[in-house]
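The chain contents come next:
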Amino acid sequence: MSSEKKKVIYSAMQPSGVPSLGNYLGALKNWKNLQEEYNCLFGVANMHAITVRQDPTELRQRTRDLVSLFLAIGLDPEEHIIYVQSDVRAHAEIAWILNCFTYMGELNRMTQFKDKAAKHADNINAGLYTYPVLMAGDILLYQSDLVPVGADQKQHLEICRDIAGRFNSIYGDVFKVPEPYIPKVGARIMGLQNPERKMSKSESDNLNNVVYILDEPNVIANKIKRAVTDSDTEIRYGEDKPGISNLLNIYCSVTDKTPDEAVNDFKGCGYGEFKKSVGDAVVEHMRPIQEKFKEYSADRAYVERVMQNGAEKASYIANKTLNKVKKKVGYPIYK
Ligand code: AQP
């Protein structure tokens with residue numbers, strides 16, 4: 001299929017910590033497979049990340065590291081666009097305009113804002129509140145057809161569609177109204193110590209709860225060995241067995257096995273043996289990615305070239321949409 005005919009898909013990740021196994025299995029691993037079928041934009045959402053206080057030196061480093069990781073998992077910066085959000089000024093500009101087309105009543109309903117405000121009670125800033133508007137701009141600037149969404153992001157895509165529809169109904173067809181893309185395999189990975197809540201990269205209070213994808217092999221294996229299970233000894237899926245179900249999901253995702261095959265693999269095994277096998281499977285799956293990551297992150301000049309080229313390509317597309325939007329709302333036009 002020629003690249004013009006392919007649909008545009010927009011995906012981004014915040015450099016708010018080293019990505020977790022959840023980020024990898026729920027998002028990054030699927031992104032790699034999208035490249036054949038779609039024109040992809042892969043963004044490092046550093047403007048979103050500063051809605052929570054960040055150490056500047058660390059943020060800069062993590063931003064570059066996330067680009068290295070994108071490359072390490074096989075995202076292609078030639079055929080697609082890998083870029084850093086703050087390198088494309090159109091994001092900040094469109095966010096302001098879209099703020100003026102978003103109602104506070106809509107933002108008040110966002111559950112992620114409520115969660116993050118509770119988690120960062122000392123810093124409930126306006127950026128945290130208007131985060132969904134910035135995200136709507138990310139998607140709309142590139143006239144994206146599809147956006148991969150996990151359950152946690154569904155509400156944000158809905159508000160993006162509402163904002164686009166509202167703007168279009170006033171000014172004509174300026175924005176493509178994006179559809180959610182539901183990945184064929186979309187794992188939702190839960191915390192190892194608290195399998196009732198999703199695994200999150202920025203969690204720092206219990207490091208055993210999160211596997212980071214750059215953790216050393218023995219660290220990965222140990223964290224999985226310490227994962228909470230339950231009082232019986234059976235290895236099966238069940239609402240009453242969130243810890244075991246989560247480990248089975250992790251195992252399926254890294255081995256590409258079905259849930260039935262996974263359960264079958266562990267018939268008659270004890271929890272110790274099961275957890276060791278899951279740990280080994282994760283370590284083996286991550287090994288080549290970790291090796292490639294080391295290579296890319298050692299080549300800072302190349303990674304920065306990817307970032308600069310990506311910013312240029314992304315800016316070109318984004319500015320086309322932004323210029324249209326500016327004209328529609330009545331900003332000056334210079335001949
Ligand atoms: N536990 C998870 N299981 C499956 N998918 C997950 N994602 C996040 N956690 C899991 C998916 O990762 C993508 C990028 O997420 P993000 O960086 O934009 O922010 P997030 O969803 O808020 O991820 P985190 O790890 O929880 O970040 P922090 O700790 O900074 O808030 C998304 O596609 C998301 O669905």
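1. Observations regarding the site of the ligand
Line of reasoning, step 1. Taken together, 17 residues sit near the ligand, with S16, I189, S200, K201 and S202 positioned nearest.
Line of reasoning, step 2. At 3.0 Å from a nitrogen atom of the ligand is found a main-chain nitrogen or oxygen belonging to M199.
Line of reasoning, step 3. Expressed as a share of its isolated accessible area of 650 Å², the protein-covered part of the ligand is 92%.
Line of reasoning, step 4. If one sorts the elements of the shell around the ligand by residue count, helix 1 (residues 21-34) sits on top with four residues.
Line of reasoning, step 5. Of the residues assigned to the shell around the ligand, the class counts are five nonpolar, seven polar and five charged.

2. Notes on the packing of aromatic side chains
The geometry of an aromatic ring pair comes down to the distance between the two centres and the angle between the two planes.
Line of reasoning, step 1. Overall, the coordinates contain 13 aromatic pairs when judged by the stated rule.
Line of reasoning, step 2. A centroid spacing of 5.6 Å and a plane angle of 20° characterise the contact between W31 and F42, whose relative ring orientation is stacked. Of this pair, W31 sits in helix 1 while F42 is found in strand 2 (residues 39-44), placing the two residues eleven residues apart along the sequence. Neither residue differs from the other here; W31 and F42 are each classed as buried.
Line of reasoning, step 3. Here W31 and F70 contribute two aromatic rings whose centre-to-centre distance is 5.5 Å and whose plane-to-plane angle is 70°, an arrangement assigned as edge-to-face. One end of the pair, W31, is in helix 1; the other, F70, is in helix 3 (residues 56-72), with 39 residues separating them in the sequence.

3. Points about the pairing of strand 3 (residues 81-84)
Line of reasoning, step 1. Of the two faces of strand 3, both are covered, the one formed by I81 and Y83 as well as the one formed by I82 and V84.
Line of reasoning, step 2. Bridge analysis of strand 2 against strand 3 gives four bridges, and the strand direction is parallel. The residue bridging G43 from the neighbouring strand is Y83, located in strand 3.

4. What to know about the pattern of salt bridges
Line of reasoning, step 1. Per the stated rule, a full pass over the model turns up 18 salt bridges.
Line of reasoning, step 2. With its nearest N and O atoms 2.6 Å apart, the salt bridge here joins E106 to R166. Of this pair, E106 sits in helix 5 (residues 104-108) while R166 sits in helix 8 (residues 154-171), placing them 60 residues apart in sequence.
Line of reasoning, step 3. A relative accessible area of 8% means that E106 is categorised as buried.
Line of reasoning, step 4. Taken together, the shared-partner salt bridges connect D230, D232, E234, R236, D240 and K241 into one network.

5. Details of the domain arrangement of the protein
Line of reasoning, step 1. We note that the domain assignment places domain 1 (8-183 + 300-329) and domain 2 (207-294) within the protein.
Line of reasoning, step 2. In this structure, domain 1 and domain 2 have C-alpha centres spaced 30 Å apart.
Line of reasoning, step 3. Residue-level contacts link 13 residues of domain 1 with 15 residues of domain 2.
Line of reasoning, step 4. For the domain 1 and domain 2 pair, buried surface summed over both sides reaches about 1,200 Å², with 79% attributable to carbon and sulfur atoms.
Line of reasoning, step 5. Where domain 1 touches domain 2, the interface holds one salt bridge.
Line of reasoning, step 6. With its nearest N and O atoms 3.4 Å apart, the salt bridge here joins D256 to K29.
Line of reasoning, step 7. Remark: the boundary between domain 1 and domain 2 carries five residue pairs in polar contact (both at pLDDT 80 or more).
Line of reasoning, step 8. Mapped onto the side of domain 1 that touches domain 2, the elements with two or more residues apiece are helix 1 and helix 3.

6. Some details on the pairing of strand 1 (residues 8-13)
Line of reasoning, step 1. Across the six residues of strand 1, five count as buried, placing the element largely inside the fold.
Line of reasoning, step 2. As paired strands, strand 1 and strand 2 are joined by six bridges and run parallel to one another. Among the inter-strand pairings, I9 is bridged to a residue of strand 2, identified as C40.
Line of reasoning, step 3. You can see the chain leave strand 1, run along helix 1 and come back into strand 2, and the turn it takes is right-handed.

Calculation notes
- Residues numbered from 1 in each chain as written.
- Predicted model: local features only at pLDDT ≥ 70, side-chain atom pairs only at ≥ 80, totals over all residues.
- Heavy atoms only, no water.
- Near = heavy atom within 4 Å.
- Polar contact = N/O pair within 3.5 Å; in protein donor to acceptor, adjacent residues only side chain to side chain.
- Areas by Shrake-Rupley, 256 points an atom, 1.4 Å probe, with all protein chains shown as cover.
- Helix = DSSP H or I, 4+ residues; strand = E, 2+ residues; numbered from the N terminus.
- Nonpolar A, V, L, I, M, F, W, Y, C, P; charged D, E, K, R; others polar.
- Phe/Tyr/Trp six-rings, centres within 6.5 Å; stacked < 30°, edge-to-face > 60°.
- Buried < 20%, exposed > 50% of the residue type's maximum accessible area, 1.4 Å probe, protein only.
- Pairing = 2+ DSSP bridges.
- Salt bridge = Lys/Arg side-chain N within 4 Å of Asp/Glu carboxyl O.
- Domains from an automatic or database assignment.
- Contact = heavy atoms within 4.5 Å.
- Buried area = accessible area lost by both parts, 1.4 Å probe.
- Right-handed = clockwise from strand over helix to strand, strands pointing away.

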